[in-house]
Amino acid sequence: MILTVATQPFADQKPGTSGLRKKTTVFQQPNYVENFLQSIFDSLENFAGKTLVIGGDGRFFNREAIQKAIRIALANGFGRIVVGRGGLMSTPAVSALIRARQTFGGIIFSASHNLGGPNGDFGVKYNIGNGGPAPEKITDAIYARTMTIAAYKTLDAPDIDLDALGVVALGAGSVEIVDPVANYSALMKTLFDFDALRGLFASGFTMRFDAMHAITGPYAHAILEGELGAAPGTVVNGTPLPDFGGHHPDPNLTYAKDLYDLLMSPQAPDFGAASDGDGDRNLIIGRGQFITPSDSLAMLAANATLAPGYAKGLAGIARSMPTSAAADRVAAKLGVKAYETPTGWKFFGNLLDAGLATICGEESAGTGSNHVREKDGLWAVLLWLTILASRRQSVAEIARQHWATYGRNYYTRHDFEEVDLAGATALMDALRARLASLPGQSFGALKVEAADDFAYHDPVDNSDTPAQGVRVMFEGGSRIVYRLSGTGTVGATLRVYIERYDPPGGDLGEEAQAALADLIALSRSLAEIEKRTGRKEPSVVT
Ligand code: G1P
Ligand code: ZN
């Protein structure tokens, strides 16, 4: 039986960079998830009888949210709901399944790399039929709906058993529980030569994959250890936990420090990698050699044709604006177009759908390709393994040769987390007010060439997205970018992205923070970070 439940709007349901993300306690309020889900369905058309994929990263409140979503989706007229066993499915696997089954769309419950648990964060986002995050036109409509919603529809039905594979009837439709790994693993086999990868591990190649107690554990176990023959124990922290073991499931040098320390130690395996809460991010570290995400994008793009899935070459390479320009140099050499988009994966969707770009990436540890419409952590690992299997060189050797060919983009991101929103907004406003006066000014040896507030024109749907971050560009390819995060849940997070280009043959040393010292100092003074946020030092440096 379909129930119509009266409700009242919440004022805080504006989707951010990746859907709606809030403290778990906010999501636990009566009607909170229900309102948002109903607002999603109210913003969609023509889905009666169609199929919806629902996945989650397994964090605290995942199962409850999925049970609600199943009932509300069926009550709104969907015909079939496909759910991963245990309510688990990584974000790229949801994207892959939407595409493979040509479903109407999908719902993903995750707060990505944010802390989980009762005191952590929760989130939900809607993906469209191409498998990618809903574009702003839809997220804007969802937000508008959340402000006027008065009722939601649900089924008067008990919870279903999320752990039993198979199909059960519910309401006027049905729910299908699937193995969350199977379709994803099959897709990977179409892109990569699993025999070659098995050969790599059989030759004695060693690796550690840190699943951070999050969603990629089952995927990495099945693919790396199960299919490819990596030694048992290659995957660590491989069981998804509702609170991620109390850790931040964010694969960066702060939260995956154990992995970094191991790879820098005498006991280092050949290769180390990690993925985040929902499996779309990746961290790549070779023995003694960290690879920045921006460099990883460039190196993957430069070597992509070594994998069968990309043997025909790349149509183009896309990166988010704050991502370093290393990938642009690869695109130039390959003779393909480089695209620069606002932060957030949703902006890559049109480029991929139109066949303009094949590989995309972000400095925030996201890389992916046209195989899905999300970034994909394990995919990046498999492409790196493909390169290592084919070139039979170390990660460090591959990196050195890359820099010798293209030059090196030294890069760092400094995050000032949970700062006062008013102060952070005033900081951005003050920077924007100075944009016109900066070009031509010199700060020590650094001369400003151009400064702007990044605006994006989508070449496919002709939409415009203004005010995506302040860029201060210096002669010689150095750059400082300032923007406020769209995924935080407390106060504001100021992100400062710092980059310097060292042409082939240059030698700024190995250490990024040292190579960037003058730009880092300037990034602080130019924006008056301490005065406006009260912070002397960033909370996270990546
Ligand atoms: C952050 C990253 C961005 C990524 C997003 C979702 O967004 O910077 O690249 O797409 O998470 O994973 P932000 O908090 O900066 O808005
Ligand atoms: Zn994520």
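Scroll up to find the structure.
To start, this report covers the structure provided alongside it. (Residues numbered from 1 in each chain as written. Chains lettered and ligands numbered in written order. Predicted model: local features only at pLDDT ≥ 70, side-chain atom pairs only at ≥ 80, totals over all residues. Heavy atoms only, no water.)

1. Topic: the site of ligand 1
Taken together, 15 residues lie near ligand 1, and Ser364, Ser485, Gly486, Thr487 and Arg495 sit nearest. One nitrogen or oxygen atom from the side chain of Lys375 is found 2.8 Å from an oxygen atom belonging to ligand 1. Protein burial of ligand 1: of its 380 Å² of free accessible surface, 98% is covered by the chains. Among the residues forming the shell around ligand 1, the class breakdown is no nonpolar, eight polar and seven charged. (Near = heavy atom within 4 Å. Polar contact = N/O pair within 3.5 Å; in protein donor to acceptor, adjacent residues only side chain to side chain. Areas by Shrake-Rupley, 256 points an atom, 1.4 Å probe, with all protein chains shown as cover. Nonpolar A, V, L, I, M, F, W, Y, C, P; charged D, E, K, R; others polar.)

2. Thoughts on the pattern of salt bridges
Throughout the structure, instances matching the rule amount to 33 salt bridges. Its salt-bridge partner being Lys23, residue Asp121 comes within 3.3 Å of it at the nearest N-O pair. In this pair, Asp121 sits in strand S6 (residues 121–127) while Lys23 sits in strand S2 (residues 20–23), placing the two residues 98 residues apart along the sequence. Using a relative accessible area of 6% as the deciding quantity, one classes Asp121 as buried. Given the relative accessible area of 29%, Lys23 is considered partly exposed. Between Asp57 and Arg59 there is a salt bridge whose closest N-O contact spans 3.0 Å. The exposure class assigned to Asp57 is buried, which follows from its relative accessible area of 1%. Residue classification places Arg59 among the buried residues on the basis of a relative accessible area of 1%. Taken together, the shared-partner salt bridges connect Arg319, Asp328, Glu340, Asp452, Arg471, Arg479 and Glu499 into one network. (Salt bridge = Lys/Arg side-chain N within 4 Å of Asp/Glu carboxyl O. Helix = DSSP H or I, 4+ residues; strand = E, 2+ residues; numbered from the N terminus. Buried < 20%, exposed > 50% of the residue type's maximum accessible area, 1.4 Å probe, protein only.)

3. Considerations on the pairing of strand S12 (residues 271–275)
Among the five residues of S12, five are classified as buried, and the element is accordingly described as predominantly covered. Inspection of the sheet shows strand S10 (residues 207–210) paired to S12 by four bridges, in the parallel sense. Within S12, the residue paired with Arg208 across the bridge is Gly272. Bridge count between S12 and strand S13 (residues 282–286): five bridges; the pairing is antiparallel. Bridging from a neighbouring strand, Ser275 pairs with Asn282 of S13. (Pairing = 2+ DSSP bridges.)

4. Describing the coordination of the zinc ion (ligand 2)
Taken together, the protein donors to the zinc ion (ligand 2) comprise Ser112 (OG), Asp276 (OD), Asp278 (OD) and Asp280 (OD), at separations of 2.0 to 2.1 Å. Around the zinc ion (ligand 2), the four donor atoms are arranged such that angles at the metal cover 87 to 159 degrees; this shape is classified as irregular. Along the chain, the residues donating to the zinc ion (ligand 2) are arranged with the sequence spacing S-x163-D-x1-D-x1-D. Taken as a pair, Ser112 in the loop between strand S5 (105–109) and S6 and Asp276 in the loop between S12 and S13 lie far apart in primary sequence, 164 residues in all. The exposure class of Asp276 is buried, given its relative accessible area of 0%. (Donors = N, O, S within 2.8 Å, 3.2 Å for Na, K, Ca; no water. Tetrahedral: all angles 85-135°; square planar, octahedral: opposite > 155°, others 65-115°.)

5. Here we look at the nonpolar core
In terms of nonpolar packing, the biggest core is built from 70 residues, with Leu224, Phe271, Trp379 and Leu385 touching the most fellow members. Broken down by element, this core gets its largest block of residues, 11 residues, from helix H13 (residues 377–391). Trp379 has contacts with Tyr184, Met188, Leu191, Phe192, Leu300, Tyr310, Ile359, Thr367, Gly368, Ser369 and His371, leaving out every residue within four places of it along the chain. Within the second largest apolar cluster, 42 residues are counted, among which are Leu20, Phe78, Tyr126 and Ile160. (Core = buried A, V, L, I, M, F, W, Y, C linked by side-chain atoms within 4.5 Å. Contact = heavy atoms within 4.5 Å.)

6. Details of the sheet that holds strand S24 (residues 470–474)
The strand order S20-S21-S24-S25-S26-S19-S27 describes an open sheet built from seven strands, whose pairing is antiparallel. Edge positions in the sheet fall to strand S20 (442–443) and strand S27 (540–541), since each of these pairs with one other strand and no more. Where strand S21 (residues 446–453) lies against S24, five bridges are found, and the strand directions are antiparallel. Residue pairing in the sheet places Ala450 in a bridge with Met473 of S24.

7. Here's the deal with the packing of aromatic side chains
Overall, the coordinates contain 17 aromatic pairs when judged by the stated rule. Every member of this aromatic cluster is reached through a ring pair, and the members are Phe10, Phe27, Tyr32, Phe61, Phe109 and Phe122. Directly above the aromatic system of Tyr501 lies the positively charged group of Arg329, at a separation of 3.4 Å from the ring centroid. In this structure, Arg408 packs its charged tip against the face of Trp403, placed 3.7 Å from the ring centre. (Phe/Tyr/Trp six-rings, centres within 6.5 Å; stacked < 30°, edge-to-face > 60°. Lys NZ or Arg CZ within 6 Å of the ring centre and 35° of its normal.)

8. Overview of the side chain of Gln468
Position of Gln468 among the secondary structure elements: in the loop between strand S23 (464–465) and S24. For Gln468, the side chain forms a polar contact with the main-chain oxygen of Pro466, separated by 2.9 Å. With sequence-adjacent residues up to four places away left out, Gln468 is seen in contact with Met321, Pro342, Asp453, Phe454 and Arg483.

9. A few points about the sheet that holds S6
Spatially, the seven strands line up as an open sheet ordered S2-S6-S5-S3-S4-S9-S8, and their pairing is mixed. Of all the strands in the sheet, just S2 and strand S8 (166–170) have a single pairing partner and so form its edges. Sheet twist, expressed as the average angle between the axes of neighbouring strands with direction ignored, equals 15 degrees. Bridge count for S2 against S6 is four bridges, and the pairing is antiparallel. Bridged to Lys23 within S6 is Asp121. Against the sheet, helix H3 (residues 62–75) contacts strand S3 (51–56), strand S4 (80–84), S5, S6, S8 and strand S9 (173–178), and its axis sits at roughly 170 degrees relative to S3. (Axes fitted to C-alpha atoms, helices over the stretch in contact; angles between N-to-C directions.)

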